[in-house]
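Structural description and commentary
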Amino acid sequence: MKQENIQYFTKEGEEFVNLLISTGVKEHGAMVLAFLSSTSEGTFQDIEQGIGLRQPDASVTIKYLMDQDWIKSHETTSGQNFRPTNVWQLKKPITVILDGIESEKKKEAGVRLTHIRKFRNNLSHYPKRKESISLLVKSGIKKPVAQVLVFLANTPRATLQEIESGTDTFQSNVSAATQYLVEKGWIKHCTNPSGKIGMPKRAFDLAQPITAIADGIEKEMIDKDNSQLENIKKMRNFDMTKVIFLKKDLSE
């Protein structure tokens, strides 16, 4: 019977990881950052076993964190043959990493707000559709959603087929975009006369003025950005020694 001590995140650790993820850090990257923040350093095997990552996921995650310039490695000798082994550790204190994430988030937020405000201020220049779509995409709106929204701002009461043709977008993307926009309350279902008595077609139209939609997008951005910055502030107050603990032994 082979027995291994597997480390698990405490309640504080899970909260820390979730807060990191909320700021845009990839899930496995957040787990490894939390692990190394509380254990100082670890081998590849330590990381795999310590947070239960499969080897391929651990490899991809290590590369991701290296690319972010958040971790570094050095060689040490271990085992009976004293073979060199890579040991990973944070390249800088977690508080400095959080400072960097905060700075990047503020920069990104400023760029997104600039573009959504430019979109709103340029509404009188329709039908500059390409520019309007580009501004929405740069604001963080998915392209198919931006295409449908701008199309309906110029073409009231359009059917799915008309939207597909007018945006040159695949049916699946249009369907997903209209569903999202309906759920957001930005567009609504309506009927469009088909030209044949008793056979109206299902269509879509803006549920509110495009200016109000732009205002709503801006408010959501500000709320999300403020939430992320507040989460970063919370993480600075964590006691990292409580993030990982030895929970139990698992037998194979």
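Here goes a summary of the coordinates provided.

Reading guide: rules and limits
Residues numbered from 1 in each chain as written. Predicted model: local features only at pLDDT ≥ 70, side-chain atom pairs only at ≥ 80, totals over all residues. Heavy atoms only, no water. Helix = DSSP H or I, 4+ residues; strand = E, 2+ residues; numbered from the N terminus. Buried < 20%, exposed > 50% of the residue type's maximum accessible area, 1.4 Å probe, protein only. Contact = heavy atoms within 4.5 Å. Areas by Shrake-Rupley, 256 points an atom, 1.4 Å probe, with all protein chains shown as cover. Salt bridge = Lys/Arg side-chain N within 4 Å of Asp/Glu carboxyl O. Expected span 1.5 Å × (residues − 1). Arc of directions from axis to C-beta. Core = buried A, V, L, I, M, F, W, Y, C linked by side-chain atoms within 4.5 Å. Phe/Tyr/Trp six-rings, centres within 6.5 Å; stacked < 30°, edge-to-face > 60°.

The secondary structure content of the protein chain amounts to 10 helices and 8 strands. Each of the 252 residues in the protein chain was classed as buried or not, and the buried ones make up 39%. In the protein chain, once contacts between residues fewer than 6 apart in sequence are set aside, the share between residues at least 24 apart is 59%. Counting every atom, the protein chain has about 14700 Å² of accessible surface; 50% of that belongs to carbon and sulfur.

This paragraph deals with the pattern of salt bridges. Taken as a whole, this structure holds 15 salt bridges when the rule is applied. The closest approach of N and O atoms between R120 and E218, which form a salt bridge, is 2.5 Å. Of this pair, R120 sits in helix α5 (residues 94-121) while E218 sits in helix α10 (residues 210-236), placing them 98 residues apart in sequence. With relative accessibility at 11%, the residue E218 sits in the buried group. Taking the shortest distance from any N to any O, the salt bridge between E220 and K184 comes out at 2.7 Å. In this pair, E220 sits in helix α10 while K184 sits in helix α9 (residues 171-184), placing the two residues 36 residues apart along the sequence. Shared partners join several salt bridges into a network, and the residues in it are D99, E102, K106 and R236.

What follows deals with the side chain of S37. On the secondary structure map, S37 appears in helix α2 (residues 27-39). In contact with S37, not counting residues within four places along its chain, are L90, I94 and M240.

The first and last C-alpha atoms of α9 sit 20 Å apart over 14 residues, in line with the 20 Å expected at 1.5 Å per residue. Within the span of α9, buried status applies to V174, A177, T178 and L181. An end-on view of α9 places all buried positions within 100° of arc, on one side of the element. Among the exposed residues of α9, those pointing more than 90 degrees away from its buried face are S172 and E183. G185 lies just past α9 and shows a positive phi near 80°.

The next subject is the nonpolar core. Note on soluble globular proteins: their nonpolar side chains tend to be buried together. Ranked by internal contacts, the top residues of the largest apolar core, which has 33 residues, are F16, L20, L33, I51, W70, I71 and I101. Going through the elements one at a time, α1 (11-22), α2, α4 (55-67), β4 (83-90), α5 and α10 are the ones with two or more residues in this core. Sorting elements by how many residues they give to this core places α2 first, with 7 residues. Contact partners of I101, with chain neighbours within four places excluded, come to L20, T23, V25, W70 and I232. In this structure, I163, V174, W186 and I213 belong to the second largest nonpolar core, which totals 29 residues.

To continue, consider the packing of aromatic side chains. Aromatic ring pairs are defined here through the distance separating the ring centres and the angle between the ring planes. The full count for this structure, using the stated rule, is 3 aromatic pairs. Here the aromatic rings of Y64 and W70 are separated by 6.3 Å at their centres, their planes lie at 85°, and the arrangement is edge-to-face. An identical accessibility class is assigned to Y64 and W70; each is buried.

Okay, α5 next. The α-helix advances 3.6 residues per turn, and as a result positions three or four apart in sequence lie on the same side. Along its 28 residues, α5 runs 40 Å from first to last C-alpha, staying within 8% of the 40 Å computed at 1.5 Å per residue. Those residues of α5 not exposed but buried are I94, I97, L98, I101, E102, K105, A109, R112, L113, H115, I116 and F119. Where α5 is buried, its residues contact α1, α2, β4, α6 (129-138), α7 (143-154) and α10.

Right, let's talk about unusual backbone geometry for a bit. Phi is mostly negative for residues that are not glycine, and the peptide bonds are mostly trans. In this structure, R157 is a non-glycine residue whose phi angle is positive, near 55°. With respect to the helices and strands, R157 occurs in the loop between α7 and β5 (158-159). Taking relative accessible area as the criterion, R157 reaches 41% and is therefore assigned partly exposed.

Note that every value here comes from positions in space, so none of it alone points to a role or purpose.
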